[in-house]
Amino acid sequence: MIPAEVRPQERDRADRPDQLDPHKLADLGNLELVARGVVDGFLIGLHRSPHRGFSVEFAENRAYNPGDDPRFLDWKMYARSDRLYIKQFEEETNLRAYLVLDVSSSMAWTSEAGRFVSKLHYGRMLAASLTMLLARQGDAVGLLAFDDRVRLHLHPRGSRRHVSTVLSSLAAIQDGGATDAGAAVKDVAVRLRRRGLVILISDLLVQADETLRALRYLRHRGHEVLMLHVMDPAELELPSAGEAVFFDPESGDELRTNSAALRKHYREAVSEAIREWRLEALRMGADYHVVSTDTPLGTALGSYLEKRARLG
Amino acid sequence: MSFLYPWALALSALVAIPLLIHLLHRDIRQRVSFPALRYLQSSQREHARSVRLRDLLLLALRLSLVVLIALAAATPLVGRGGAGDHRPTNVAIVLDNSASMSRLQSEQTLLNREIERARSTLSEAGPRDRFWIIPVVGEAVAVGVTAPDAVAALERVQPTDASGNIGNSARTAALALPQAGDREREVHLLTDLQRSTFGEEPVDGAQDLLWIVPEAPAAEPNGALMGLRMSTGTSAVQGISPDISAKAAWYGGDPDTDSVTVRLESERQTTALALTNWGSTALFRVSAQSIGTHYGKLQIPPSGLRADDTQFFALQVEAAPAVDYVGTPGGFVEQALATLAAAGRTGAGVADVLVVDGDAADLPQPGQIARETGEGRSHRLVLIPPANPLLLARFNQWLVSRGIQVALSRDPSQGELGVESPTAIGTENEIRVRSRFLLSRDTGDQAGERETLLSTSDGSPWLVRGRTDGGTYVLLASPLDSASTSLPLSPGMIPFVENLVLRWSQGTAWPGRAVDAGTTLVLPATADSISLPSGEVRRVDGGLPFNPLRVGIYRVHHRASADGGTSLVAVNVPASESDLQPVSSATLERLLPGGRVVRVPRDEAAAWSEAIFQSRRGADISPWLLLAVVILALAEAWVASPPADSARHAGLGTTQVS
């Protein structure tokens, strides 16, 4: 419920799906619907169209009708058939984006199921929204889901059908096992022949060295990299479990400790890890953002838009 | 340290709870899925020592919390606290106001110092305390009263020159203090612990009480006069000079000089001095020339207790009585009376005393007696039974006709008997009785007024005195002839007859002797008022007891209708008060068997304040413990989950895309 005294702009903003609590957003419907709502709301918030710099590629001819622009008459067809045809062109993207989604078992975790969506579901919604947004801009979107191996791969395309394929694939994808982000990123580098944008959506509970090495390779190949570090709020702020055995669902490692005793030091350790990721990203010329699963998707999309704006 | 609710200490067993929690946490069953375990592991690696210390600190804090809560609930009392902070207490203050307490110490009498001590006790009393104030001499002046009332009651405790019995007062205190509920009971013995006033009998009930006793004052030597005696009693016949004697006694070590000067003052004029050794008796012969009441005192230089440096005496001088004799002419009695008359011991004129011998040819009839002793005057009869047994019946009949309800009968027993206390009758010669009559028991209305003055060695009355409507009589059980007694042929005959006619026939002049302060006297029926030595005049009722408590001369005034005028009573300090030596601790504890005796330095007010109200509670530190509990609880909460560092938290850039 939005307070009555909230200004209209703020009320509008609060009603927009891109600004909704992700947990509430997940209840709105299927992934495509959610993504469309998020992107629509997001674009309304921008106040201007993001579409720019289209190039054209011939698609098919059609019969000339009076009023058609004579510049698009196909004179070659006229010479062969003595009939006037108008050349129709397919809009061509100027960006090929690869969404690299971590679907390892650690991504399936949420600290409070009734309050926060899992990192995987958040990543799914974020990836779907990015797909929708990229498609609206005419960019080609590819998808790669991985855990300790590549679980799904969709080559970047710009058609509407492809977008539907990406969205349905995202909806159907399940969490897997251990994580090997390095291999997945290398795989992307191999598959992505043209320069493009690689958006890594992961909790980054990975082998940092290998992952960073792969990302550097991507950068070396001229790709742009956007790292969206998805974290559960409880991973930022250690949950109050008192004395307990903490275990990693992915690796099975265990640690017996008192959360209250370590909370302060844990917070420092997380802060240090984030600082390291950010520093490494800066060094390789990549963008890095921490996204909490209670962050509205619109905010996360903003990080993409910032990156996209720099790409021109 | 003591506890108001010691059972609450059992709560400290709850320390087992944090201990168990601590131990059980070693067997953790709670498992938490946490993918970001790597950060937790690195934190643990880097801060394992501080985490361990924190755990131990938490455990210590929690254990301390439980212990402190238990301690606070038990309400610990530290130290003894103030005197006013004690359980309700019943206190009996036994205040020695006997003569020995009139000694001066630092220009203040011992009694006043003890009264001050009692006041200090009362000033530290609580509203639920109750007090009994029991003077050693006199009645209790406060019974179960509050401290303010007890302070007022202290004003009624007056110094006396009497002798007290601390043992009796302690016994009274033990009986007086009720044992009620959880009330404490204390007896404060405020005395100089004079040995001679304690008696020998242990105090019953002493074992249940706390006895708080100041130490005895420093032992003090004391010279005293005591045992005043007057050879004629308190009355004398004009012209006869009575002897007055008193013993000079020294207590406490050796005196500076072996002898002491005793001064006789008669009616404020020094009339004689005598030098006597300590332990000896000083003897003065005073002149009794003028008829009337006379008084005086024997005195020695002051030492120790002042009141016993003086012995007062009083003397009633009367005119020599005229004696008439009805009996056998030429007998021993008549000759003795003639001797007395020749010596001026008896007077002439209308007879005051009529001596009747049962062997007389004609016994005097009532009208004859009235004529001889004067119409309307009370007469004194000296009655001697007949030596001739055949005249016994006539003599008995004559006695009955005179209203004397005594009948004489022959004694069938044989052998001689002695007479008790021959020195009391003025002769040191032994009186032997060879023949006597038995005096029947008196059943008349005046039976109660008959008294036995002398008895034979078998206990039978030998000389009795009684009253008739017309006056007094004395009746001998033996004729005064050589066959019946040894008297007629002994030097004691004249003094014996003198006593008969001058003293015994008259009856003892009241009070008959100098008395000790504190002695209960029965006032003459004619007494109307008494002038005390202090000058105060007090109205009295004749026939009632009177208790003189200060030394000096008391003047008992008789009603105007009576012919007695004024009687003097000399009151002196009892001899037992002169020995100032204190009782030993061992004796004191023997006299208070089983009682908890606390001795307190006499001149240390702080020590006394510390000693009294033994049940006082210490300072209650439970509020401080509760404050410590709060502080520890806050510390525990802070250590268990320290407040988030907001600045650091913001630096994490957590929930916003940075």
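Quick note: structure is the one above.
Note that the structure is predicted; figures quoted are calculated from it, not measured.

(A) Summary view of the overall build of chain B. Counting secondary structure elements, chain B contains 13 helices and 37 strands. Relative to its full complement of 658 residues, chain B shows a buried share of 39%. For chain B, contacts bridging at least 24 residues in sequence account for 73% of all contacts bridging at least 6.

(B) Broad picture of the overall build of chain A. Helix and strand content of chain A: 11 helices and 10 strands. Across the 312 residues of chain A, 45% fall into the buried class. Of all intrachain contacts in chain A linking residues separated by at least 6 positions in sequence, the fraction that spans at least 24 positions is 75%.

(C) Here's a closer look at the nonpolar core. Formed by 143 residues in total, the largest nonpolar core has its most connected members in Ile93, Val94 and Ile133 of chain B. No other element matches the 7 residues that helix α9 (residues 493-504) of chain B contributes to this core. Counting 87 residues, the second largest nonpolar core, distinct from the first, contains Phe116, Leu170, Leu262 and Leu301 of chain A.

(D) Looking closely at the sheet that holds strand β20 (residues 353-357) of chain B. All names here are of chain B. On the basis of which strands lie adjacent, the open sheet formed by 6 strands has the order β19-β20-β21-β28-β27-β26 and mixed pairing. Only two strands of the sheet have a single partner each, and these edge strands are β19 (323-326) and β26 (451-455). Averaged over all neighbouring strand pairs, the angle between strand axes comes to 15 degrees, with direction disregarded. Looking at chain direction, β19 and β20 are connected through 4 bridges and run parallel. By the bridge assignment, aspartate 324 is partnered in β20 with leucine 354. Together, β19, β20 and β21 (379-384) form the strand contacts of helix α6 (residues 332-342), whose direction differs from that of β19 by roughly 165 degrees.

(E) Region of the structure containing the packing of helix α2 (residues 37-74) of chain B against helix α12 (residues 622-640) of chain B. Residue and element names in this part refer to chain B. Orientation of α2 relative to α12, taken along the N-to-C sense of each, is 155 degrees, at an axis distance of 9 Å. By the angle between their axes, α2 is roughly antiparallel relative to α12. Classified by chirality, the crossing of α12 by α2 is left-handed. From α2, Arg54, Leu57, Leu58, Leu61, Arg62, Ser64, Leu65, Leu68, Ile69, Leu71 and Ala72 reach across to α12, where they touch Ser622, Leu625, Leu626, Ala628, Val629, Leu632, Ala633, Ala635, Glu636, Val639 and Ala640.

(F) View of the interface of chain B and chain A. Each side of the interface is counted separately: chain B has 33 residues, and chain A has 42 residues. Among the secondary structure elements, those contributing two or more residues to the side of chain B that touches chain A are β2 (31-33), α2 and α13 (646-651) of chain B. No other element matches α2 of chain B, which puts 13 residues into the side of chain B that touches chain A. Partitioning the side of chain B that touches chain A into residue classes produces 13 nonpolar, 14 polar and 6 charged. Here strand β8 (residues 243-247) of chain A pairs with β2 of chain B via 3 bridges, running parallel. The partner of phenylalanine 246 of chain A across the bridge, within β2 of chain B, is valine 32 of chain B.

(G) Highlighting the pairing of strand β7 (residues 130-135) of chain B. Residue and element names in this part refer to chain B. Extensive coverage of β7 is indicated by the burial of 6 of its 6 residues. The two faces of β7 match: Arg130, Trp132 and Ile134 on one face and Phe131, Ile133 and Pro135 on the other face are all buried. Taken together, the 6 bridges between strand β4 (residues 89-95) and β7 define a ladder with parallel strand orientation. Each residue of the ladder has a partner; that of asparagine 90, found in β7, is arginine 130. Pairing of β7 with strand β8 (residues 142-145) involves 2 bridges; the strand directions are antiparallel. By the bridge assignment for β8, phenylalanine 131 is matched with valine 145. What sits between β7 and β8 in their antiparallel hairpin is a turn of 6 residues, with glycine 138 showing a positive phi close to 110 degrees.

(H) View of the environment of serine 105 of chain A. Residues and elements named next belong to chain A. Note that serine 105 resides in the loop between β3 (96-102) and α5 (119-136). Counting along the chain gives 15 residues from serine 105 to leucine 120, while the straight-line C-alpha distance between them is 8.7 Å. Once residues lying within four places of it in the same chain are set aside, the contact partners of serine 105 are Asp175, Gly176, Gly177, Pro249 and Glu250.

(I) Structural detail: unusual backbone geometry. Residue and element names in this part refer to chain B. One non-glycine residue, threonine 75, lies in positive phi territory at about 55 degrees. Positionally, threonine 75 belongs in the loop between α2 and β3 (76-78). For threonine 75, a count of 18 C-beta atoms within 10 Å puts it in the partly exposed group. Its identity is not glycine, yet serine 106 carries a phi of approximately 55 degrees, on the positive side. You can see serine 106 is positioned in the loop between β5 (104-105) and β6 (108-109). Exposure remark for serine 106: the 6 C-beta atoms within 10 Å place this residue in the exposed category.

(J) Focus on helix α3 (residues 110-123) of chain B. Taking 1.5 Å of rise per residue, 14 residues should cover 20 Å, and α3 of chain B covers 20 Å from first to last C-alpha, within 8% of that figure. Taken as a whole, α3 of chain B has its buried residues at Leu110, Leu111, Arg113, Glu114, Ile115, Arg117, Ala118, Thr121 and Leu122 of chain B.

(K) Broad picture of α6 of chain B. All names here are of chain B. The set of residues buried in α6 consists of Phe332, Val333, Ala336 and Leu337. All buried residues of α6 project into a common sector of 130 degrees when viewed along the axis, lining one side. On its buried face, α6 is in contact with β19, β20, β21 and α9. Just downstream of α6 lies glycine 344, where phi reads positive at about 80 degrees.

Thresholds, definitions, all that
- Sequence order as written defines the numbering, with residues in each chain counted from 1.
- The naming scheme follows written order: chains are lettered A onward, ligands numbered 1 onward.
- A pLDDT threshold of at least 70 governs which residues receive local features in this predicted model, and a stricter bar of 80 or more applies before side-chain atom pairs are shown or counted, although totals over entire chains, interfaces and linings include all residues.
- Think of it this way: any DSSP run of H or I at least four residues long counts as a helix, any run of E at least two long counts as a strand, and we number them from the N terminus.
- Backbone-placed C-beta atoms define the burial measure: a residue is buried with 20 or more other C-beta atoms within 10 Å of its own, exposed with 12 or fewer, and partly exposed in between.
- Throughout, a residue-residue contact means that the two C-beta atoms, derived from backbone geometry, are no farther apart than 7 Å.
- Here a nonpolar core is just a set of buried residues of the types Ala, Val, Leu, Ile, Met, Phe, Trp, Tyr and Cys, joined wherever their C-beta atoms sit within 7 Å.
- What makes two strands pair is DSSP finding at least two bridges between them.
- To obtain an axis, a line is fitted to C-alpha atoms, over the contacting stretch when the element is a helix, and the angle between two such axes runs from 0 to 180 degrees between their N-to-C directions.
- Under this scheme an angle from 65 to 115 degrees is roughly perpendicular, one under 35 degrees roughly parallel, and one over 145 degrees roughly antiparallel; angles in between are oblique.
- Here a crossing is taken to be left-handed if its near helix is turned anticlockwise relative to the far helix by less than a right angle, and right-handed if that turn runs clockwise.
- Nonpolar residues are Ala, Val, Leu, Ile, Met, Phe, Trp, Tyr, Cys and Pro. Charged residues are Asp, Glu, Lys and Arg, and all others, Gly as well, are polar.
- Helix span, as expected, comes to 1.5 Å for every residue beyond the first.
- The arc under discussion is defined with respect to the helix axis, by the directions toward the C-beta atoms.

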